[in-house]
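Tertiary structure, described
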Amino acid sequence: MSDDKNLRPATRIVEAGRRKEWTQGVVNTPVWRASTILFDTVADLRAAVASPNDRLYYGRRGTPTQWSLADALTELEPGAAGTMLYPSGVAAVAMALLSVLKPGDELLMVDSTYEPTRAFCRNVLGPMGIATHYYDPLAGAAIADLFTEKTRAVFMESPGSLTFEVQDVPAICAAAKACGIVTLLDNTWATPLFFPAIGHGVDLTILACTKYVVGHSDAMLGSVTANAERFEALRRTTHQFGQHVGPDDASLGSRGLRTLDVRLRQHQAGALEVARWLETHPGVARVLHPALPSCPGHEVWQRDFLGSTGLFSFVMAGGDDAARADLVDNLDHFGIGFSWGGYESLALPVDPRPLRTATGWAAEGPLVRLHIGLEDPADLIADLRRGLDRFVERR
Ligand SMILES: Cc1ncc(COP(=O)(O)O)c(C=O)c1O
């Protein structure tokens, strides 16, 4: 709605992507259900086909419903050229990688990456002749030691899935740029509100919008936002793979986005309160939360991030898988299930050990990942206290 480039993120998030020609004066861009678009004349049809963007042409290429969300996500990333939407976060990861890599290239992938990203490298990129080499999430500028003539891209995820190591994204991007290597970041945890990735030097930034953008655990959605050097290749690849997001899901994404700032601040406050309390309990050996000094890479988080969100893990002080299952099963206010980023709290038993290849993972006990929702943290702490007290008594 406004062209003011100096708007603060909380204002931007309310106004972005709500162009009058898309909203027609309604507050939220309406849901356009479309496959065929009809034209008055052959000349009109040809003109629409010739126009690259934002012109109704065929449903797969989107309508104002999808464009408005994509535009809003671009506006949240200063320096970005555009955003493409995908039916899930995993599809976004896949398309971002395929827009960069070709057979014979090598990819450097962070060892703490989300498991399906690792599976994509193994099961899709590998057979295409693209080799993946894994690196230590704390590598920083030393990533340059791993570059070969074939290295085409470095993929980061910060903080890492399950174990939350914070990566030195600016240092990695600077090293990569000096060698003409493309950088990609899974920025789902922080979102552009707490880590504007393009401004930190990243070429392609990926969100599983399923999490905090949608924010209500009721739709699957992904996005990739790219700088000017990478956006055309991203768009071409996306179109060639026929990627499309349904208008209802795009609309849910836009609705979630409008409250992202206020929700993230609440997730941040609740998660910090729970994490700090967990640090004091004898049933807990370690809390892996980027905003706590004990988290690997905490000083980088402090330097680069504008906030922390609701997802973190803790290591139990001893115990085994059965003790962990007993703890999680008996929590009253934490759901047991995959994904995160909704308004509800979740607890999940996780094990990074089989997923690591470049680095190891050793811990004092089993690992539990928590997502802290929008409940009152006092109720969540009381719930965890009951479970952890019982664990300590039985240990
Ligand atoms: C860090 C991260 N990236 C990507 C994804 C994939 O997103 P989706 O479930 O929408 O495919 C997830 C899902 O949990 C995730 O945690």
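Keep in mind it's a predicted model, so treat the numbers as computed, not measured.

For the peptide bond that leads from Ser158 to Pro159, omega is -5°, which places it in the cis range. Look at Ser217: it is not a glycine, yet its phi comes out positive at around 55°. Within the element layout of this structure, Ser217 appears in the loop between strand E6 (204-207) and strand E7 (222-226). Ser217 gets classed as partly exposed once you look at its relative accessible area, which sits at 44%. Even without being a glycine, Ser339 presents a positive backbone phi close to 75°. Position of Ser339 relative to the elements: it lies in the loop between helix H13 (321-329) and strand E10 (346-350). With relative accessibility at 25%, the residue Ser339 sits in the partly exposed group.

Another aspect to go through is the packing of H13 against helix H14 (residues 377-394). Packing of H13 against H14 brings their axes to within 9 Å, and their N-to-C directions diverge by 150°. The angle between the axes of H13 and H14 places the two elements in the roughly antiparallel class. Handedness of the crossing formed by H13 with H14: right-handed. For the pair H13 and H14, the contacting residues are Ala323, Asp326 and Leu327 in the first and Gly387, Leu388, Arg390, Phe391 and Arg394 in the second. Partitioning the contact of H13 with H14 into residue classes produces 4 nonpolar, 1 polar and 3 charged.

Turning our attention to the pattern of salt bridges. If the charged atoms of two oppositely charged side chains come close together, the side chains can form a pair. Across all of its chains, the model carries 19 salt bridges by this definition. It is possible to trace a salt-bridge network through shared partners that takes in Arg19, Glu21 and Asp71.

Attention now goes to the sheet that holds strand E2 (residues 106-110). With respect to topology, 7 strands assemble into an open sheet ordered E1-E7-E6-E5-E4-E2-E3, the strand pairing being mixed. For this open sheet the edge positions go to strand E1 (82-86) and strand E3 (131-135), each flanked by a neighbour on one side alone. Neighbour-to-neighbour, the strand axes of the sheet open up by a mean angle of 20°, direction not taken into account. Of the pairings in the sheet, the one linking strand E5 (residues 182-186) to E6 comprises 3 bridges and is parallel in character. Looking across to E6, one finds that Leu185 is bridged to Thr205.

Strands sit in the order E8-E9-E11-E10 across an open sheet of 4 strands; the sheet is antiparallel. Each of the sheet's edge strands pairs with one partner strand only, and the pair in question is strand E8 (284-288) and E10. Averaged over all adjacent pairs, the angle separating strand axes in this sheet is 25°, with direction ignored. Against the sheet, H13 makes contact with strand E9 (311-316), E10 and strand E11 (367-371), and its axis sits at roughly 135° relative to E9, the strand it touches most.

Now for the nonpolar core. In this structure, Tyr135, Ile143, Phe147, Val154, Met156, Trp189 and Leu257 are the most contacted members of the largest nonpolar core, which totals 60 residues. Composition of this core by domain shows at least three residues from each of domain 1 (9-258) and domain 2 (260-394). Those residues in contact with Trp189 that sit more than four places away from it in its chain are Pro159, Phe164, Tyr212, Pro290, Trp301, Phe305, Gly307, Ser308, Thr309, Leu311 and Trp340. Formed by 29 residues, the second largest nonpolar core is a distinct cluster that contains Leu97, Cys121, Leu184 and Val224.

Around the ligand sit 13 residues in total, of which Gly89, Val90, Asp186, Thr210 and Lys211 are the nearest. One of the side-chain nitrogen or oxygen atoms of Tyr114 is found 3.3 Å away from an oxygen atom of the ligand. The separation between an oxygen atom of the ligand and a polar side-chain atom of Thr210 is 2.6 Å.

Pairing between E2 and E3: 5 bridges, direction parallel. If you follow Leu107 over to E3, its bridge partner there is Thr132. One crossover worth recording links E2 to the parallel E3 by way of helix H6 (residues 115-125), and it is right-handed.

Partitioning the protein chain into domains gives domain 1 (9-258) and domain 2 (260-394). Computed over C-alpha atoms, the centres of domain 1 and domain 2 are 28 Å apart. Domain 1 puts 41 residues into the contact, and the matching count from domain 2 is 43 residues. Buried surface at the junction of domain 1 and domain 2, both sides included, amounts to about 3,600 Å², of which 65% is carbon and sulfur. Area buried by domain 1 at its contact with domain 2 is led by Trp189, Phe194 and Tyr212, which between them contribute 26% of it. Where domain 1 touches domain 2, the interface holds 2 salt bridges. Across the pair Arg303 and Asp168 runs a salt bridge, and its minimum N-O distance is 2.7 Å.

Bringing the packing of helix H4 (residues 64-75) against helix H10 (residues 247-258) into the picture now. Following both chains from N to C, one finds H4 and H10 inclined at 35°, their axes separated by 8 Å at the closest point. The crossing of H4 and H10 is left-handed. Seen from H4, the contacting residues are Thr65, Gln66, Ser68, Leu69, Ala72 and Leu73; seen from H10, they are Pro247, Ala250, Ser251, Gly253, Ser254 and Leu257. Split by residue class, the contact of H4 with H10 holds 6 nonpolar, 6 polar and no charged.

Criteria and thresholds
- Residues numbered from 1 in each chain as written.
- Predicted model: local features only at pLDDT ≥ 70, side-chain atom pairs only at ≥ 80, totals over all residues.
- Heavy atoms only, no water.
- Helix = DSSP H or I, 4+ residues; strand = E, 2+ residues; numbered from the N terminus.
- Buried < 20%, exposed > 50% of the residue type's maximum accessible area, 1.4 Å probe, protein only.
- Axes fitted to C-alpha atoms, helices over the stretch in contact; angles between N-to-C directions.
- Parallel < 35°, antiparallel > 145°, perpendicular 65-115°, else oblique.
- Left-handed = near helix turned anticlockwise from the far one by under 90°.
- Contact = heavy atoms within 4.5 Å.
- Nonpolar A, V, L, I, M, F, W, Y, C, P; charged D, E, K, R; others polar.
- Salt bridge = Lys/Arg side-chain N within 4 Å of Asp/Glu carboxyl O.
- Pairing = 2+ DSSP bridges.
- Core = buried A, V, L, I, M, F, W, Y, C linked by side-chain atoms within 4.5 Å.
- Domains from an automatic or database assignment.
- Near = heavy atom within 4 Å.
- Polar contact = N/O pair within 3.5 Å; in protein donor to acceptor, adjacent residues only side chain to side chain.
- Right-handed = clockwise from strand over helix to strand, strands pointing away.
- Buried area = accessible area lost by both parts, 1.4 Å probe.

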